[in-house]
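Observations on the model geometry
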Amino acid sequence: MNNNTDVTASTVKPKKSLVKEIIRFKEIYLLMLIPLVYFFIFKYIPIWNGQIAFKNFQPVKGVLHSAWAGLKYFKEFFGSFYFWELLRNTVGYSFGKLIISVPISIILAVVIFESQRNVLRKIVQTLSYLPHFLSWVIMYGILLSLLAPGDGLFNDIIKMFGGKPIDYLTSTKAFPFIVILSDAWKGMGWGAIIFIAALMGIDPALYEAAMVEGASAWQRTKYITIPSILSVIVMVILLKIGTILDAGFNQIFMLYSIPVYSVADIIDTWVYRQGLLEFKFSLATAVGIFKGVIGFLLLVFANKLTRKIADSGLF
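These numbers were taken from a predicted model, which means no experiment stands behind them. (Residues numbered from 1 in each chain as written. Predicted model: local features only at pLDDT ≥ 70, side-chain atom pairs only at ≥ 80, totals over all residues. Heavy atoms only, no water.)

Things to note about unusual backbone geometry
What counts here: Here a strand is any run of E in DSSP of at least two residues, a helix any run of H or I of at least four, and the numbering for each starts at the N terminus. For the exposure calls, accessible area comes from a 1.4 Å probe over protein chains only, and a residue counts as buried if that area is under 20% of its type's maximum, exposed if over 50%, partly exposed in between.
The phi dihedral of Phe279 falls on the positive side, at around 60 degrees, and the residue is not glycine. Structurally, the position occupied by Phe279 is in the loop between helix H15 (267-277) and helix H16 (281-310). With relative accessibility at 62%, the residue Phe279 sits in the exposed group.

This is the structure:
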C-alpha cells in the first residue's frame, strides 16, 4: 500500500512542480511561445505537403489526389547532368564560408572585447554590424561599384598602374572568392555578437591573475579567452554544418550570371529555375527533402565527433 502511495506521489509531484515553474517564469514562456508558434505554422505544418515529392503533383488535383510517382523525382535529380557540379559548388561555398566567417567573427569579437577605447569600440561595432542589415540587392550595388570593369574602384586602381581592367563578377576564377569574402564581410559583425556575449561571461579574475603572472595579451587570449568560449564556438560550427547545403540563395542569385554558371550554380538556384520557373514542384520538394536528410545526418555526425574531441555538443 505504501509503495503504491509513494509511486503516485512521485509521479504527481514533478507535474505540480512543472506547473509552478511555468507560472513562476510565465513571461519567459510567453516570449518562447512566439517562435514556437512560428515554427509550428511555417515549418512543421508544411511537412504534410512534402509528400508531393513522391507524386506527380498537379495543382488542379491538389496534394491528396495527385498520382503517386515513387522515387521518380529523386532519381531525376541524382541522375541530372549537373548533380555533381551543383553538389560541389554548394558544399564548396558552404565550407568556404564556414572556414572564413567563423574565425573572422571570433577575431572581431575578441578585438572589440579587449579594446579599452569606448569610442573606437562603438565605431567598430557599428561599422561591422551595419552590412548585416543591408539586403543582397544593396550589397550587389556596392560590390558592383567596387568591381565593375568600367568604373569600379578596384579597376580604376589597376588602370592607374597601367593594367587591364578585370570583370570580376564574370570571371570563373574570381567569382568564388567574391562570394565567400562578401559573405564574411556582411555577416562578421552579426556573428561576433554571439561570441561577445560569451566573452562577457568570463570571470575577470582569470585575466587579473594572468596579468599578475606576466601573461601577454596573446597568452591571455590563447589560454583563457578561447578555451572559455570553446563550447559556443562548437555550437556555432555545428549549427552551420547542419545547413551545409544552404549556400546562400539570395547572395548567389544576385551575383551570378550565365558566364559563371559552372562555378556559381548551387542546388537552390537550380531548384529555383527547375522547380518554380518550369513549375516542377515535385522535383523541387524532392530536392528539399534530400537537403534536409543530409543536413540532419551531418549534424548528428558532427555532434558525435565534437563530443569526442571537445567534450561539448548540442545534444
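Considerations on H15
For H15, a buried count of 8 out of 11 residues is recorded, marking the element as mostly surrounded by other parts of the structure. Turning to H15, its buried residues are Ile267, Asp268, Thr269, Trp270, Val271, Arg273, Gln274 and Gly275. Phe279, located one to two residues past H15, shows a positive phi value of around 60 degrees.

Observations regarding the packing of aromatic side chains
This is how the line gets drawn: Each aromatic pair joins two rings of Phe, Tyr and Trp (for Trp, the six-membered one) with centres within 6.5 Å, and gets the label stacked for planes under 30 degrees apart, edge-to-face for over 60, and tilted for any other angle.
Considering all chains together, one arrives at 21 aromatic pairs under this definition. Ring geometry for Phe253 against Tyr272: centres 5.1 Å apart, planes inclined by 75 degrees, an arrangement best described as edge-to-face. With Phe253 in helix H13 (residues 249-255) and Tyr272 in helix H15, this pair connects stretches of sequence that are 19 residues apart. On the basis of relative accessibility, which here comes to 32%, the residue Phe253 falls in the partly exposed class.

Read these as geometric descriptors, not functional statements.
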